[in-house]
Amino acid sequence: MARIFVTRELPGAALARLKGSHDTTVWPGQLPPSYEQLREHSAEADALLTLLTDRIDAQLIAGAPKLRVIANYAVGYDNIDVAAAGARGIQVGNTPDALTDATADLTFALLMAAARRITEAAAFARNGQWQTWEPAGFLGADVHGATLGIIGLGRIGQAVARRAAGFGMEVLTTETRDQHNLEHLLRRSDFVSIHLPLTDGTRKLIGAQAFALMKPTAILVNTARGAIVDRDALAKALHTGQLAGAALDVTDPEPLAADDPLWSAPNLLVVPHIGSATWSARERMTEMAVENILAGLAGTPLPYPVPA
Ligand code: DGY
């Protein structure tokens, strides 16, 4: 029987397959294990089922001599030192596709909410401030016919582009390497939405220089990884009116500290990393992670390996 450490309870029934066939420990807390607790549990583990909140670095991998497979419960895997795992012959998997549409839906929800000031207007109505129909109340930006800049045209970026077509939006796209195209997109877009993995090349890609290029009426949407945006530069751009608004599913760190200057920025909407939070997406992610673990323990290639 192999030893499996699962770093959190997961939605769906698939975890039972691990529990039924292997010595499976599921971290019971609502909060993630600390790095030290993670190291302790990894030391004896043959397999790890991890979340994006778990740092699986070279040191942890070195201290886990039996480890054969790491299945991340996310499409992103920037929390794992894949090179260190590969050097040890440890297979690493993720959960692509399962969350593409859910994340694209949330991207649009954030875009619409920021454009039409939904959270502000809802609070106004609920707080008893709504006295009458106001000709100039809660004016926002048009979404239909606007220009949407999509940075990163992978699965989720493409799914967002399909939704934008339904709104009659003009869609501009770019990958990070094309600096000229990125600048063009930033200058032209009414909404800029980020759909990149976090790598050394994308960390703080959207910072002061990017905000200087963007329209002062533009809105930034980020459902990818918080660290792709320079947090201080974003706070400054919002505070100074260089940028009209931002809607973030992801921040750096998560959660933001209570005294982070972003919290006091105008026109900021933050939700707690819920891009994939639909029943079907999260249950499918559990199934995929379980299938990865079982394949890794059987010594066969993972059905959902991270890209080489
Ligand atoms: C991912 O999968 O990388 C998301 O951020 C969480 O589902």
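Above this text is the structure in question.
Residues numbered from 1 in each chain as written. Predicted model: local features only at pLDDT ≥ 70, side-chain atom pairs only at ≥ 80, totals over all residues. Heavy atoms only, no water.

Let's talk about the overall build of the protein chain
The helix and strand tally for the protein chain stands at 11 helices and 11 strands. Over its C-alpha trace the protein chain gives a radius of gyration of 21 Å, about what one expects of a compact globule, namely 19 Å for 308 residues. If you line up the protein chain on its principal axes, its C-alpha atoms span 70 × 45 × 40 Å. Across the 308 residues that make up the protein chain, the buried fraction comes to 48%. Considering only contacts within the protein chain whose residues lie at least 6 apart along the sequence, 59% involve residues at least 24 apart. In the form shown here, the protein chain has an accessible surface area of approximately 14800 Å², with 54% of it arising from carbon and sulfur atoms. Looking at the protein chain, you have 26 positive and 32 negative side-chain charges, and the mean spots of the two groups are 2 Å apart. (Helix = DSSP H or I, 4+ residues; strand = E, 2+ residues; numbered from the N terminus. Rg over C-alpha atoms; globule rule 2.2 N^0.38 Å. Buried < 20%, exposed > 50% of the residue type's maximum accessible area, 1.4 Å probe, protein only. Contact = heavy atoms within 4.5 Å. Areas by Shrake-Rupley, 256 points an atom, 1.4 Å probe, with all protein chains shown as cover. Lys, Arg positive; Asp, Glu negative; His and termini not counted. Charge placed at Lys NZ, Arg CZ, Asp CG, Glu CD.)

Observations regarding the environment of I90
Looking at the element boundaries, I90 is found in the loop between α4 (82-87) and β5 (91-93). A relative accessible area of 5% places I90 in the buried class. Setting aside anything within four residues of it in sequence, one finds I90 in contact with I61, L67, R68, V69, I70 and A85.

Side note on unusual backbone geometry
In this structure, P253 follows D252 across a cis peptide bond, with omega equal to 0°. Note on placement: P253 falls in the loop between β10 (245-248) and β11 (268-270). Residue P255 is reached from E254 by a cis peptide bond, and omega for that bond is -5°. As for its placement among the helices and strands, P255 is situated in the loop between β10 and β11. The backbone of D97 sits at a positive phi, close to 75°, despite the residue not being glycine. With respect to the helices and strands, D97 occurs in the loop between β5 and α5 (100-116).

Thoughts on the site of the ligand
The immediate surroundings of the ligand are formed by L52, A74, V75, G76, L99, R225, H273, S276 and M285. Coverage of the ligand by the protein amounts to 90% of the 230 Å² it exposes when considered alone. In the shell around the ligand, the residues fall into five nonpolar, three polar and one charged. (Near = heavy atom within 4 Å. Nonpolar A, V, L, I, M, F, W, Y, C, P; charged D, E, K, R; others polar.)

Examining the sheet that holds β5
Within a sheet, adjacent strands bond to each other through the backbone by hydrogen bonds, running parallel or antiparallel. Sheet architecture is open: five strands sit in the order β2-β1-β3-β4-β5, paired in parallel fashion. The outermost strands of the open sheet, each flanked by one partner alone, are β2 (23-26) and β5. Between one strand and the next, the sheet's axes are offset by a mean angle of 15°, whatever the strand orientation. Two elements, strand β4 (residues 69-72) and β5, share three bridges in a ladder whose sense is parallel. Directly across from I70, in β5, lies its bridge partner V92. Against the sheet, helix α11 (residues 279-298) makes contact with β1 (3-6), β3 (47-50), β4 and β5, and its axis sits at roughly 175° relative to β4, the strand it touches most. (Pairing = 2+ DSSP bridges. Axes fitted to C-alpha atoms, helices over the stretch in contact; angles between N-to-C directions.)

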